[in-house]
Amino acid sequence: MKKRELGKSGIFVSEIGLGCMSLPDDLKASQLIMDAAIDAGINFFDTADLYDGGKNEEIVGQALKGKRSEIILATKAGNKLNPGGDGWTWDASKAHIMDAVKKSLLRLGTDYIDLYQLHGGTMEDNVDETIEAFESLKKEGLIRQYGISSIRPNVIQRFLANSSAISVMMQYSLLDRRPEEWFPMIQDAGASVITRGTIAKGFLTAEGLTRAGKANGFVEYDAQELLQTVQTLSEQAEDLHAAAMAFVLDQQTVASALIGARTVGQLLDSVIAYEKKVSQHDINLLKSVVATHQYKAHRL
């Protein structure tokens, strides 16, 4: 599997990464999926302290025992779980991040994190304090690099302008092309995009029409528009799953496209789709089917 550099960090990640949030709540089942991912050439694994109250990090850490040197491990912080476990509050303070990283390291069973990401962000955050926390963690050797996971352009722009962040995780797919207007800014800042929602909740797979028929819409599409768009894409693409993967990776700003999997079969479906050849002509044809949408003001 090909690899791309995250920003200008010297860290190279597989073009497909495994988004671990969707892993089953069972170590044995998750172990099988993660072993299959490594066997397929995937070296990039992403989780967060928020997922399942930290249990996801524990599962990822246990499943990767003995393989730490083979993989690039990413996690996130910024959401503080309430004491009773019933929800969370946003906390981008230095104190919280410095505490959260120690707990993540313990759960993951490692002494360093390759990519530590701010899991959101608001314009009310003290961004200098937040960045100071990440920079301190780099100096201590607890993290190698850091980035941000956000859909808010103003938050992203401010974070990149004032830091040495190397990545931005964003939802991006054939059905959600809004981030494209921000790719030049991200690239100019020396950072890369990590995509989530690469196959848009499965709408961009062989099961897409079935899923779209049961959905109430997606992003800027209402239910009818979604069904019609998926229908057209399915007719135009020889393999919609493969085309969806190729579309995302056609963007050079994108370093890795995250996929989720609850079974080994789902993982292999995406790996097979990634390995299929999709021509530039076919990618451009699909682009003509889906329009780009500007970010709405409330997302800034």
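These numbers were taken from a predicted model, which means no experiment stands behind them. (Residues numbered from 1 in each chain as written. Predicted model: local features only at pLDDT ≥ 70, side-chain atom pairs only at ≥ 80, totals over all residues. Heavy atoms only, no water.)

**Side note on the overall build of the protein chain**
Within the protein chain, the secondary structure is distributed over 11 helices and 14 strands. Relative to the globule expectation of 19 Å for 300 residues, the C-alpha radius of gyration of the protein chain, 19 Å, shows essentially globular dimensions. Dimensions of the protein chain, computed from C-alpha atoms along their principal axes, come out at roughly 50 × 45 × 40 Å. Counting only residues that meet the buried cut, the protein chain has 55% of its 300 residues in that class. Working note: accessible area of the protein chain is about 13200 Å², and carbon and sulfur atoms make up 48% of it. Of the side chains in the protein chain, 32 bear a positive and 39 a negative charge, and the two mean positions are spaced by 2 Å. (Helix = DSSP H or I, 4+ residues; strand = E, 2+ residues; numbered from the N terminus. Rg over C-alpha atoms; globule rule 2.2 N^0.38 Å. Buried < 20%, exposed > 50% of the residue type's maximum accessible area, 1.4 Å probe, protein only. Areas by Shrake-Rupley, 256 points an atom, 1.4 Å probe, with all protein chains shown as cover. Lys, Arg positive; Asp, Glu negative; His and termini not counted. Charge placed at Lys NZ, Arg CZ, Asp CG, Glu CD.)

**Re the sheet that holds strand S9 (residues 143–149)**
The eight strands lie next to each other as S3-S4-S5-S8-S9-S10-S11-S14, forming a closed barrel whose pairing is parallel. Ignoring strand direction, the axes of neighbouring strands in this sheet form an average angle of 30°. Where strand S4 (residues 44–46) meets strand S5 (residues 72–77), three bridges bridge the pair, whose relative direction is parallel. Residue pairing across strands places phenylalanine 45 opposite leucine 73, the latter belonging to S5. Set on the sheet, helix H9 (residues 240–249) makes contact with strand S3 (16–19), strand S11 (192–196) and strand S14 (254–259); between it and S14 the angle comes to about 150°. (Pairing = 2+ DSSP bridges. Axes fitted to C-alpha atoms, helices over the stretch in contact; angles between N-to-C directions. Contact = heavy atoms within 4.5 Å.)

**Observations concerning the environment of serine 279**
If you trace the backbone, serine 279 turns up in the loop between helix H10 (264–275) and helix H11 (280–289). Each C-alpha atom, one on serine 279 and one on lysine 28, is 38 Å from the other, the two residues being 251 residues apart in sequence. A polar contact is formed between the side chain of serine 279 and the backbone nitrogen of aspartate 282, at a distance of 3.1 Å. (Polar contact = N/O pair within 3.5 Å; in protein donor to acceptor, adjacent residues only side chain to side chain.)

**Some points on the packing of aromatic side chains**
Both the distance between ring centres and the angle between the ring planes are used here to describe each pair of aromatic rings. For the structure on display, the rule yields seven aromatic pairs. Consider the rings of phenylalanine 134 and phenylalanine 159, whose centres lie 6.3 Å apart with planes at 90°: the pair is edge-to-face. A residue pair is termed long-range when its members are at least 10 positions apart, and phenylalanine 134 in helix H4 (residues 127–140) and phenylalanine 159 in helix H5 (residues 153–161) qualify at 25 residues. Judged by relative accessible area, which is 2%, phenylalanine 159 ranks as buried. For the pair tyrosine 172 and phenylalanine 247, a centre-to-centre distance of 5.4 Å together with 35° between the ring planes defines the contact as tilted. You can see tyrosine 172 sitting in the loop between strand S10 (167–171) and helix H6 (183–188) and its partner phenylalanine 247 sitting in helix H9, a full 75 residues away along the chain. In terms of burial, tyrosine 172 and phenylalanine 247 fall into one category: buried. Three or more aromatic residues joined by ring pairs make a cluster, and in this case those are Tyr116, Phe134, Tyr146 and Phe159. For the cation-ring pair, arginine 68 lies above tyrosine 112, with the distance from its terminal atom to the ring centre recorded as 4.0 Å. (Phe/Tyr/Trp six-rings, centres within 6.5 Å; stacked < 30°, edge-to-face > 60°. Lys NZ or Arg CZ within 6 Å of the ring centre and 35° of its normal.)

**Here's the deal with the pairing of S5**
Taking burial as the measure, the six residues of S5 include six buried ones, the bulk of the element. The alternating pattern of S5 places Ile72, Ala74 and Lys76 on one face and Leu73, Thr75 and Ala77 on the opposite face, and all of these are buried. In this fold, the crossover linking S4 to S5 by way of helix H2 (residues 55–63) has right-handed handedness. Across four bridges, the pairing between S5 and strand S8 (residues 113–119) is parallel. Each residue of the ladder has a partner; that of lysine 76, found in S8, is glutamine 117. (Right-handed = clockwise from strand over helix to strand, strands pointing away.)

**Some thoughts on the side chain of arginine 178**
Inspection of the secondary structure assignment puts arginine 178 in the loop between S10 and H6. Within polar-contact distance, the side chain of arginine 178 engages the side chain of aspartate 176 at 2.6 Å.

**Focus: the nonpolar core**
Core analysis: the biggest nonpolar cluster contains 86 residues, and Leu18, Phe45, Tyr116, Leu175 and Leu267 have the highest contact counts within it. Ranked by residue count, the leading element in this core is H9, at nine residues. Residue contacts for leucine 267: discarding those within four places in its chain leaves Leu18, Ile33, Ala36, Ala37, Ile42, Ile259 and Ala261. One finds Leu115, Ile166, Met169 and Ile194 within the second-largest nonpolar core, a separate group that totals 12 residues. (Core = buried A, V, L, I, M, F, W, Y, C linked by side-chain atoms within 4.5 Å.)

**Looking at the packing of helix H3 (residues 94–108) against H4**
It is the contact of H3 with H4, at a shortest axis distance of 8 Å, that shows an interaxial angle of 35°. Relative to H4, the crossing made by H3 is right-handed. Taking contact as the criterion, the partners of Lys94, Ala95, Ile97, Met98 and Val101 in H3 are, on H4, Glu129, Thr130, Glu132, Ala133, Phe134, Ser136, Leu137 and Glu140. (Left-handed = near helix turned anticlockwise from the far one by under 90°.)

**Topic: the environment of leucine 106**
Tracing the chain through its elements places leucine 106 in helix H3. Taking the relative accessible area as the measure of exposure, leucine 106 reaches 73% and is therefore exposed. As a C-alpha pair, leucine 106 and glycine 61 span 45 residues in sequence and 8.9 Å in three-dimensional space.

Function cannot be inferred from these measures alone, as they are strictly geometric.
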